[in-house]
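Examining the three-dimensional arrangement
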Amino acid sequence: MSAMSDMLKRENVQIVESCKDWEDAIHVAVQPLVDGGFVTPDYIAGIIENTNKFGPYFVLAPDLALLHARPEQGVVEQQLAVTIARTGVEFKPGEPVRVLVTLAATDPDSHLDVMRILATMFADPANIEKVATAASADEVYRLFMEA
Amino acid sequence: MAIRKIMCACGSGLGSSLIVHMNTEEVVKKLGHPEVEVDHTTISDINPTAADLFVVGADLGDFISGIPEEQKVVLSNILDKAELEEKLKAHLG
């Protein structure tokens, strides 16, 4: 199995039309990992708490967020989830983000392989656009598996 | 001052900072400084003696105000290797 297929399951990829606000978006984007038992509900509160403290440092590039908190803030098992919010989520006013990748990591390094894939994939803004506008969640999943 | 250690930091020390860590390793090698040690950590663990140079995203610039200007690189796009290379070049030569 590749690093990506170990870390991302089809059922953890979803497309939503919109989120009420950035806090709601964090709930929506982390929920699949809560449902799958990869993180506890505390992880949602942890990401919101970090955001209030440090700002949205997880917005890596225009239109792309890598939502995450620290392992001790509720991670059970390392895993990714992907949420596409069609209308975008404003973590900062006027800068909507459509691609929300949620990362649950158990330590600072063991997810390095998958991060390398994500960094390479999203270094090209065209790939962010492709994921943001993909026709279906199946298509989004396929784009990640082929990255 | 010769730069021997570069520390990349983000709010939780394993997402953005890990990406910047990987990109920084690549860039320092490209710039001909394979001897430079690169690591990543959380922003709250940053102090001026932890490394010779610190790399953070723009959102966290304010959190390392205690670090002298000549010891930090603040990135507007974390994934942009061209920006990283240009800014590191200014420090590494």
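Before going into details, it helps to say that this report is about the structure given with it. (Residues numbered from 1 in each chain as written. Chains lettered and ligands numbered in written order. Predicted model: local features only at pLDDT ≥ 70, side-chain atom pairs only at ≥ 80, totals over all residues.)

1. A closer look at the overall build of chain A
The following threshold applies: Working definition: helices are DSSP H or I runs of at least four residues, strands are E runs of at least two. Numbering for both runs from the N terminus. A radius of gyration in this sense is built from C-alpha atoms; the matching globule rule multiplies 2.2 Å by the number of residues raised to 0.38. Comment: burial labels come from other C-beta atoms within 10 Å of the residue's own C-beta, placed from the backbone, where a count of 20 or more is buried, 12 or fewer is exposed, and between is partly exposed. Two residues qualify as a contact pair if the distance between their C-beta atoms, derived from the backbone, is within 7 Å.
Across its full length, chain A holds six helices and five strands. Along chain A, helices and strands appear, N-terminal first, in the series α-β-α-α-β-β-β-β-α-α-α. For 147 residues, the compact-globule estimate of 2.2 N^0.38 gives 15 Å, and chain A sits close to it at 14 Å. With the C-alpha coordinates of chain A rotated into their principal frame, the extents come out at 40 × 35 × 25 Å. By residue count, 44% of the 147 residues in chain A fall in the buried class. A sequence separation of at least 24 residues applies to 71% of the contacts in chain A between residues at least 6 apart.

2. A few points about the sheet that holds strand β1 (residues 8–16) of chain A
Backbone-to-backbone hydrogen bonds join strands into a sheet, with any given pair of strands oriented parallel or antiparallel. All names here are of chain A. We count it as follows: Being paired, for any two strands, means DSSP has found at least two bridges between them. All axes are obtained by fitting lines to C-alpha atoms, using only the stretch in contact for helices, and the reported angles, taken between N-to-C directions, cover 0 to 180 degrees.
What the five strands build is an open sheet, ordered β1-β4-β5-β3-β2; its pairing is mixed. Strands at the two margins of the open sheet, each flanked by one partner only, are β1 and β2 (59–61). Neighbour-to-neighbour, the strand axes of the sheet open up by a mean angle of 20 degrees, direction not taken into account. In the sheet, strand β4 (residues 79–90) pairs with strand β5 (residues 96–104) via eight bridges, with the strands oriented antiparallel. Along β5, the bridge assignment pairs Glu90 with Pro96. In this fold helix α2 (residues 22–35) packs onto β1, β3 (64–67), β4 and β5, with an angle of close to 150 degrees to the strand it touches most, β4.

3. Here's the deal with the sheet that holds strand β3 (residues 53–57) of chain B
Residues and elements named next belong to chain B. The sheet built from four strands is open, its strands ordered β2-β1-β3-β4 with parallel pairing. Pairing within the sheet leaves two strands with one partner each, and these edge strands are β2 (37–42) and β4 (72–75). The average undirected angle you get between the axes of adjacent strands in this sheet is 20 degrees. Bridge count between strand β1 (residues 5–10) and β3: three bridges; the pairing is parallel.

4. What about the packing of α2(A) against helix α3 (residues 42–54) of chain A?
Residue and element names in this part refer to chain A. Where we set the bar: Left-handed describes a crossing whose near helix is turned anticlockwise from the far helix through less than a right angle; right-handed describes the clockwise counterpart. Three classes are used, and their members are as follows: Ala, Val, Leu, Ile, Met, Phe, Trp, Tyr, Cys and Pro are nonpolar, Asp, Glu, Lys and Arg are charged, and the others, Gly among them, are polar.
Direction vectors running N to C along α2 and α3 enclose 145 degrees, while the axes themselves pass 10 Å from each other. Along this stretch, α2 crosses α3, giving a crossing that reads as right-handed. Taking contact as the criterion, the partners of Glu23, Ile26, His27 and Val30 in α2 are, on α3, Tyr43, Ile44, Ile47 and Ile48. The class makeup of the residues in the contact of α2 with α3 is six nonpolar, one polar and one charged.

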